[in-house]
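Spelled out from the first residue to the last, the chains are:
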Amino acid sequence: MIDYSFTYGDLEIFLLILVRVTMFVYIAPFFSMSNTPHPIRICFSFLLSVLLYGLVPVQTLEYDSILGYTIIVLKEFFTGLLIGYAAQICTMISNLSGQIVDMQVGLSMVQVMSPGSREQVHISSAIYQYAFMGMMLVSGLYRFLISALVDSFTLIPLNGAVFHTDKLLDSMMKFFGIFMVIGFRICLPVFIITFLLNVILGILARVAPQMNMFAVGMQLKLIVGLSMMYLTSALLYNASDFIFVNMKQMILEFMNDLV
């Protein structure tokens, strides 16, 4: 006979699961896009919490007062926040690459609204971000994010998170070193070709000073830069794969730092 009883203690455990899942959904890439309605996020978080309720290893919650339970809720709040943020900061690599490209091409003044960060970003950053988001859907990375959230309840039980600030800081600093390398690799072809073009224009300015190299250079840099972005678009697949591998490593490192 199936037991359908749902006690006050079960409600407390369900609410803790809901807090971690909701924070993850609201900050993780793809799920946190600004064009996703808030009711959809809330319903998705609630349904995912209902599915996880029977899978999460249940432990006895030890607290003495409402303040004690509030502290447990805050721990789950920051646990979901850190796991989602570990994936979100990896998508910010596209912002760095796009900013460098726009500075080289001459589009640094053109900005659009980013779907992920909900702020004004450079137009090349938005293009890279949309490309990586599409590859995330094609490669099924969103399934990995959900599975990582599910596995976090096994690795980090409810009220079992221990925030090692030194380890979290080391993981963050290690990632920012990789962050700069990956971001510069993505825009490296455009950076090299525009740098060589600047050298050529500088030589021509010395050879033929009567020519207005500033007006000519703006047009050439735009045409050459956009052409190079189009020619190297096929390399975005390898770049996205490199980003996704680091995203998985970042999530695992953050989860290990909370144990």
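Please read these numbers as outputs of a predicted model, since none were measured by experiment.

About the cut-offs
Residues numbered from 1 in each chain as written. Predicted model: local features only at pLDDT ≥ 70, side-chain atom pairs only at ≥ 80, totals over all residues. Heavy atoms only, no water. Core = buried A, V, L, I, M, F, W, Y, C linked by side-chain atoms within 4.5 Å. Buried < 20%, exposed > 50% of the residue type's maximum accessible area, 1.4 Å probe, protein only. Helix = DSSP H or I, 4+ residues; strand = E, 2+ residues; numbered from the N terminus. Contact = heavy atoms within 4.5 Å. pLDDT = per-residue confidence, 0-100. Expected span 1.5 Å × (residues − 1). Axes fitted to C-alpha atoms, helices over the stretch in contact; angles between N-to-C directions. Parallel < 35°, antiparallel > 145°, perpendicular 65-115°, else oblique. Nonpolar A, V, L, I, M, F, W, Y, C, P; charged D, E, K, R; others polar. Salt bridge = Lys/Arg side-chain N within 4 Å of Asp/Glu carboxyl O.

K.L.:
Lay out the nonpolar core with the relevant residues and their values.
P.N.:
One finds I186, M247 and I251 to be the most contacted residues of the largest nonpolar core, which totals 59 residues. Counting residues per element, this core draws most heavily on helix α9 (residues 236-257), at nine residues. Beyond its immediate chain neighbours, meaning those up to four positions away, I251 contacts I83, A86, A87, F144, L145 and A148.

K.L.:
Describe the environment of V110, listing the residues and the values that go with them.
P.N.:
Locating V110 in the fold gives a position in the loop between α4 (93-105) and β1 (111-113). Taking the C-alpha atoms as reference points, V110 and N95, 15 residues apart in sequence, are found 13 Å from one another. Beyond its immediate stretch of four places on either side in the chain, V110 contacts V121, H122 and I123.

K.L.:
Tell me about the confidence of the model for the protein, residues and numbers included.
P.N.:
Taken residue by residue, the protein gives an average pLDDT of 80. The fraction at 70 or more is 93%. Per-residue pLDDT, averaged within each element of the protein, yields its smallest value for β1 (71) and its largest for helix α2 (residues 38-53) (87).

K.L.:
Summarise α9; cite the residues concerned and give the values.
P.N.:
Relative to the 32 Å expected for 22 residues at 1.5 Å per residue, α9 spans 31 Å between its end C-alpha atoms, a close match to the ideal helical length. Those residues of α9 hidden inside the fold are in contact with α3 (66-91), α4, α5 (123-139), α6 (141-155) and α7 (165-207).

K.L.:
Could you give me a rundown of the packing of α4 against α7, with the residues and numbers involved?
P.N.:
Where α4 meets α7, the axes come as close as 8 Å, and the angle between the chain directions of the two elements is 10°. By the angle class used here, α4 and α7 are roughly parallel. The segment α4 lies against α7, with I93, L96, S97, I100, V101, Q104 and V105 engaging F179, M180, I182, G183, F184, I186, C187, V190, F191, T194 and N198. Residues belonging to the contact of α4 with α7 are distributed by class as follows: 13 nonpolar, five polar and no charged.

K.L.:
Quick one: what's the story with the pattern of salt bridges, residue by residue and with numbers?
P.N.:
The tally for this structure, following the rule as stated, stands at two salt bridges. As a salt-bridge pair, E76 and R20 come within 2.7 Å of each other at their nearest N and O atoms. One end of the pair, E76, is in helix α3; the other, R20, is in helix α1 (residues 8-27), and 56 residues separate them in sequence. Grouping residues by exposure puts E76 and R20 together as buried. With its nearest N and O atoms 3.3 Å apart, the salt bridge here joins K174 to E253. Here E253 lies in helix α9 and K174 lies in helix α7, a separation of 79 residues in the sequence. Judged by relative accessible area, which is 23%, E253 ranks as partly exposed.

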